[in-house]
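Chain by chain, the residues run as shown.
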Amino acid sequence: MTGPTLPPLSAIRAFEAAARLGSFTRAAEELDMTQAAVSYQIKRLEQRLGLMLFQRLARKVVLTRDGERLAPAVLDAFQGLRGAFAQSRERSQSELAITALPTIGANWLVPRLGGFQLAQPRLAVRLDTSVPLIDLAQGEFDLSLRNGGGQWPGMSAHFLLPGLFTPLCSPALMASGALRTPADLLGLARIGRERWWRQWLHAAGVAAGEAPLVSAIDLGVEQYEVTAALAGQGVAITSPLLFRAELASGRLVQPFELIVRDSRDYWLAYPEVRRGSAKICAFRDWVLAQARQDLETWRAECERAGAPLPSLAQAAPA
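Predicted model only: the values in this text are computed from it and were never measured. (Residues numbered from 1 in each chain as written. Predicted model: local features only at pLDDT ≥ 70, side-chain atom pairs only at ≥ 80, totals over all residues. Heavy atoms only, no water.)

Visitor: Any chance you could explain the overall build of the protein here in plain terms?
Guide: Looking only at helices and strands, one finds ten helices and eleven strands in the protein. In summary, the protein has a C-alpha radius of gyration of 31 Å against a globular reference of 20 Å for 318 residues, an excess of more than 25%. Counting only C-alpha atoms and orienting by the principal axes, one finds that the protein spans roughly 100 × 45 × 35 Å. Every one of the 318 residues in the protein was classed for burial, and the buried ones make up 41%. A total accessible area of about 17100 Å² is found for the protein, and carbon and sulfur atoms account for 53% of it. Averaging the positions of the 34 positive and the 30 negative side-chain charges in the protein gives two centres separated by 9 Å. (Helix = DSSP H or I, 4+ residues; strand = E, 2+ residues; numbered from the N terminus. Rg over C-alpha atoms; globule rule 2.2 N^0.38 Å. Buried < 20%, exposed > 50% of the residue type's maximum accessible area, 1.4 Å probe, protein only. Areas by Shrake-Rupley, 256 points an atom, 1.4 Å probe, with all protein chains shown as cover. Lys, Arg positive; Asp, Glu negative; His and termini not counted. Charge placed at Lys NZ, Arg CZ, Asp CG, Glu CD.)

Take a look at the structure:
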């Protein structure tokens, strides 16, 4: 069962402004309408209610007794709406909500976020790390760090980091002597995406023969797979760029120089309609500068070590 239908909102809005300001002229200025339009909307409301809400005097309007009875509830309702919208706007301007894939979010973004918050102290950051691709059009998140070809309908996308992969293992496994050549990987537990293992072994010139190239463990998240490798459960295939700290500290070892470039890179993406948002622009400029600096540093480290690099040219959207 439905209740009585409300009068047109345009008429209620005109009544609220005129009752609050005590003037059709001032109400018209606030609502960006003509005085005649305000008068017409209030007349519609009066006809709908069967009541006179204002006395039209020579130079002013005054609420009638019926208007005085109605005005407080209408004024309170609109005040509540103004407060709700103001609170929503304040939250929107003061919080940046980011969704990122787990590995790039935890291993690459989180260690750098402190620098962004120092630069933007009034902006709180909320980070979600989820594997499923979240639809930014729903409005829960402002932007995302995702991988792919860089082209999503209705989205602006900026190249962030290349998708790379190579085997990584624990120092203990390397010291055991069980991993001297790429072919030795066929006899070890391989952790990670089967597709990457096939591509890397092919690029390394390893003929699998009749041996199945099924991964021993595929956890779907590179961070978890590296954790398994650190625990001595096998060799993980993942991005050396996202695990620079572990490699630099010696907790992880890259046994072979060969690094393969994936067809899916990492991108910063946000809705095109929000490309003018100040907080999104601030984060975009900051995070792209971080990515460029990280790539340049890593490239220089590899060149000093004489290690070959895959093509790191910015990928074009697919």
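Visitor: Would you mind going over helix α8 (residues 222-230) with me for this structure?
Guide: Residue pairs three or four apart in sequence face the same way in an α-helix, which turns once every 3.6 residues. Residues Glu222, Glu225, Val226, Ala228 and Ala229 constitute the buried set of α8. Looking straight down α8, one finds that the buried residues subtend no more than 155° of arc, so they occupy a single side. Looking at the buried residues of α8, the elements they touch are α5 (102-119), β7 (164-168), β8 (190-191), α7 (194-203), β9 (235-238) and β11 (265-271). Two residues or fewer after α8 comes glycine 232, characterised by a positive phi angle close to 85°. (Arc of directions from axis to C-beta. Contact = heavy atoms within 4.5 Å.)

Visitor: What's the story with helix α2 (residues 24-31) in this structure? I'm lost.
Guide: All buried positions along α2 are accounted for by Phe24, Ala27, Ala28 and Leu31. One face of α2 carries all of its buried residues, which in axial projection span an arc of 100°. Between the side-chain oxygen of the N-cap and the backbone nitrogen of threonine 25 there are 3.1 Å, and the N-cap of α2 in question is serine 23. Aspartate 32 sits one or two positions beyond α2 and adopts a positive phi of about 55°. (Polar contact = N/O pair within 3.5 Å; in protein donor to acceptor, adjacent residues only side chain to side chain.)

Visitor: Any chance you could explain the pattern of salt bridges here in plain terms?
Guide: As a working rule, side chains carrying opposite charge can pair if their charged atoms are close by. This model, assessed by the stated rule, comprises 15 salt bridges. Taking the shortest distance from any N to any O, the salt bridge between arginine 20 and glutamate 16 comes out at 2.8 Å. With arginine 20 and glutamate 16 both in helix α1 (residues 9-21) and four residues apart, this pair spans about one turn of that helix. The salt bridge partner of arginine 284 is aspartate 285, with a shortest N-O separation of 3.1 Å. A relative accessible area of 46% places aspartate 285 in the partly exposed class. Here the salt bridges share partners, and the residues they tie into one network are Arg112, Arg244, Asp294 and Glu301. (Salt bridge = Lys/Arg side-chain N within 4 Å of Asp/Glu carboxyl O.)

Visitor: Got a minute to help me understand the packing of α1 against helix α3 (residues 35-49) in this structure?
Guide: Think of two packed helices as two axes; the pair is described by the angle between the axes and how far apart they sit. Viewed as axis vectors pointing N to C, α1 and α3 meet at an angle of 110°, and their least axial separation amounts to 8 Å. It follows that α1 is roughly perpendicular to α3 by the angle criterion. Handedness of the α1/α3 crossing: left-handed. Side by side, α1 and α3 meet where Ser10, Ala11, Ala14, Phe15 and Ala18 of the first sit next to Val38, Gln41, Ile42, Arg44 and Leu45 of the second. Residue composition of the contact of α1 with α3, by class: seven nonpolar, two polar and one charged. (Axes fitted to C-alpha atoms, helices over the stretch in contact; angles between N-to-C directions. Parallel < 35°, antiparallel > 145°, perpendicular 65-115°, else oblique. Left-handed = near helix turned anticlockwise from the far one by under 90°. Nonpolar A, V, L, I, M, F, W, Y, C, P; charged D, E, K, R; others polar.)

Visitor: Teacher, can you tell me more about the nonpolar core here?
Guide: Among soluble globular proteins, nonpolar side chains are generally buried collectively. Ranked by size, the top nonpolar core spans 46 residues in total, and within it Leu160, Leu161 and Phe283 carry the most contacts. A per-element tally of this core places helix α10 (residues 278-305) first, with nine residues. If we ignore the near neighbours within four places in the chain, the residues touching leucine 160 are Ile104, Trp108, Leu145, Tyr266, Trp267, Leu268, Val287, Leu288, Ala291 and Leu295. One finds Phe15, Ala19, Leu63 and Phe78 within the second-largest nonpolar core, a separate group that totals 21 residues. (Core = buried A, V, L, I, M, F, W, Y, C linked by side-chain atoms within 4.5 Å.)

Visitor: For this particular structure, what's the right way to read the pairing of strand β5 (residues 143-148)?
Guide: Each regular strand displays side chains that alternate between the two surfaces of the sheet. The buried fraction of β5 amounts to six of the six residues, a majority that puts the element mostly inside the structure. By the bridge criterion, three bridges tie strand β3 (residues 95-100) to β5 in an arrangement that is parallel. Its bridge partner being in β5, isoleucine 98 is matched across the sheet by leucine 143. When β5 meets β11, the two strands line up antiparallel, connected through five bridges. Among the inter-strand pairings, arginine 146 is bridged to a residue of β11, identified as tryptophan 267. (Pairing = 2+ DSSP bridges.)

Visitor: What should I look at first to understand the pairing of β9 in this one?
Guide: Here β9 shows a buried face lined by Val235 and Ile237 and a second buried face lined by Ala236 and Thr238. Pairing of β7 with β9 involves three bridges; the strand directions are antiparallel. When the sheet's bridge partners are listed, leucine 168 is paired in β9 with alanine 236. Bridging between β8 and β9 involves two bridges; their strand directions are parallel. Across the sheet, arginine 190 pairs through a bridge with valine 235, a residue of β9.

Visitor: Just to check I follow, could you spell out the environment of alanine 175 for this structure?
Guide: By the element assignment, alanine 175 lies in helix α6 (residues 171-175). On the basis of relative accessibility, which here comes to 68%, the residue alanine 175 falls in the exposed class. Along the chain, alanine 175 and glycine 276 lie 101 residues apart, while their C-alpha atoms are 53 Å from each other.

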